[in-house]
Amino acid sequence: MALSRAEREQFLAEPHIAALAVDAGAGRAPLTVPIWYQYAPGGDVWVLTGATSRKYELIKASGRLSLMVDRVEPTIRYVSVEGPVTGTEPATRELLREMAARYLPAEKVDGYVDFAWEQHGEQLVIRMRPEHWLSSDLGSV
């Protein structure tokens, strides 16, 4: 059963691990990798990635990306969203903290942010406007 707009936006706003997919060029399947993301209903999706990563280079070249999130309990549910990149900007400690707080227990956030800021190299925020949605709740199996 397809989800309503409100249901799919609310599901995407939950802290799932996404599968990010981007065109990898002629003769290659799309690059697909797990990634943390941030989303608020009605807004853009954003992710953080390394400024010199293959992922970023492919996103920059294609100008589009897809994210897919799912769960298996209490029902099998997924949302897939695809759209154009609307902007790229340097990451900040505040955005890194926002992302980390979405996924990590509160007592782990500061340590992770310090580590990531010092060890991950230059990071970028990539924003994508959801344009095409697929969603379903398949019920429990």
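In what follows, the structure referred to is the one given above.
Now for a description of the structure that goes with this document. Values in this document were obtained by computation on a predicted structure and should not be read as measured data.

### Notes on the pattern of salt bridges
Following the criterion strictly, the structure yields nine salt bridges and no others. The residue Glu89 makes a salt bridge to Arg127 at a minimum N-O spacing of 3.2 Å. With Glu89 in strand S5 (residues 76-90) and Arg127 in strand S6 (residues 123-128), this pair connects stretches of sequence that are 38 residues apart. Glu89 gets classed as partly exposed once you look at its relative accessible area, which sits at 28%. The partly exposed category is assigned to Arg127, whose relative accessible area is 22%. Connected through salt bridges with shared partners, the residues Arg64, Glu82, Arg129 and Glu131 form a single ionic network.

### Things to note about the side chain of Arg77
Inspection of the secondary structure puts Arg77 in strand S5. A polar side-chain atom of Arg77 sits 2.8 Å from a polar atom in the side chain of Asp137. Ignoring anything within four residues of it in the chain, the contact list for Arg77 reads Leu3, Phe11, Val69, Asp70, Arg71, Ser136 and Asp137.

### Topic: the packing of aromatic side chains
Under the criterion given, the structure shown has three aromatic pairs. Aromatic pair Trp36 and Tyr103: ring centres 4.8 Å apart, planes at 10°, arrangement stacked. Of this pair, Trp36 sits in the loop between strand S2 (31-35) and strand S3 (45-50) while Tyr103 sits in helix H3 (residues 93-103), placing them 67 residues apart in sequence. The partly exposed category is assigned to Trp36, whose relative accessible area is 24%. Ring centres of Trp36 and Tyr112 lie 5.4 Å apart, and the angle between their planes is 50°; this geometry places the pair in the tilted category. Taken as a pair, Trp36 in the loop between S2 and S3 and Tyr112 in helix H4 (residues 106-119) lie far apart in primary sequence, 76 residues in all. Of the aromatic side chains, those joined through ring pairs into one cluster are Trp36, Tyr103 and Tyr112.

### Topic: the pairing of S5
Taken together, the eight bridges between strand S4 (residues 64-71) and S5 define a ladder with antiparallel strand orientation. Opposite Ser66, over in S5, you have Glu82 as the bridge partner. Counting the residues between successive antiparallel strands, the hairpin from S4 to S5 contains four residues. One ladder, built from five bridges, connects S5 with S6; its direction is antiparallel. For Gly87, the partnering residue across the bridge sits in S6 and is Arg127.

### Description of the nonpolar core
Grouped together as the largest cluster of nonpolar side chains are 39 residues, with contacts concentrated most on Leu12, Leu20, Tyr37 and Leu67. Element by element, the count of residues in this core is highest for H3, at five residues. Beyond its immediate chain neighbours, meaning those up to four positions away, Leu12 contacts Tyr37, Tyr39, Val45, Val69, Val79, Val81, Arg102 and Trp133.

### Topic: H4
In this model, H4 (14 residues) spans 21 Å end to end at C-alpha, consistent with the 20 Å of a helix rising 1.5 Å per residue. Against the buried residues of H4 lie H3. The first or second residue beyond H4 is Gly121, which carries a positive phi of 75°.

Basis of the calculations
- Numbers given to residues run from 1 along each chain, matching the order in which its sequence is written.
- Since the coordinates come from a predicted model, pLDDT governs what is reported: local features require at least 70, and pairs of side-chain atoms require 80 or more to be given and counted, while whole-chain, interface and lining totals use all residues.
- With hydrogens and water stripped out, all remaining heavy atoms of the structure feed into the side-chain values.
- Criterion for a salt bridge: a side-chain nitrogen of Lys or Arg within 4 Å of a carboxyl oxygen of Asp or Glu.
- Each helix corresponds to a stretch of at least 4 residues labelled H or I by DSSP, and each strand to a stretch of at least 2 residues labelled E; elements are numbered beginning at the N terminus.
- The classification of residues rests on relative accessible area computed with a 1.4 Å probe and restricted to protein chains. Under 20% of the type maximum is buried, over 50% is exposed, and intermediate values are partly exposed.
- Between N or O atoms, a polar contact is any pair within 3.5 Å; within protein, one atom must be a potential hydrogen donor and the other a potential acceptor, and residues adjacent in sequence are included only when both atoms are from side chains.
- Two residues qualify as a contact provided that any one of their heavy atoms is within 4.5 Å of a heavy atom in the partner residue.
- Aromatic rings from Phe, Tyr and Trp, taking only the six-membered ring of Trp, are treated as a pair when their centres fall within 6.5 Å; an angle between ring planes under 30 degrees marks them as stacked, one over 60 as edge-to-face, and anything in between as tilted.
- A strand pair is defined by DSSP finding two or more bridges across the two strands.
- Note on terminology: a nonpolar core comprises buried Ala, Val, Leu, Ile, Met, Phe, Trp, Tyr and Cys residues joined through side-chain atoms within 4.5 Å.
- To estimate how far a helix should reach, multiply one less than its number of residues by 1.5 Å.

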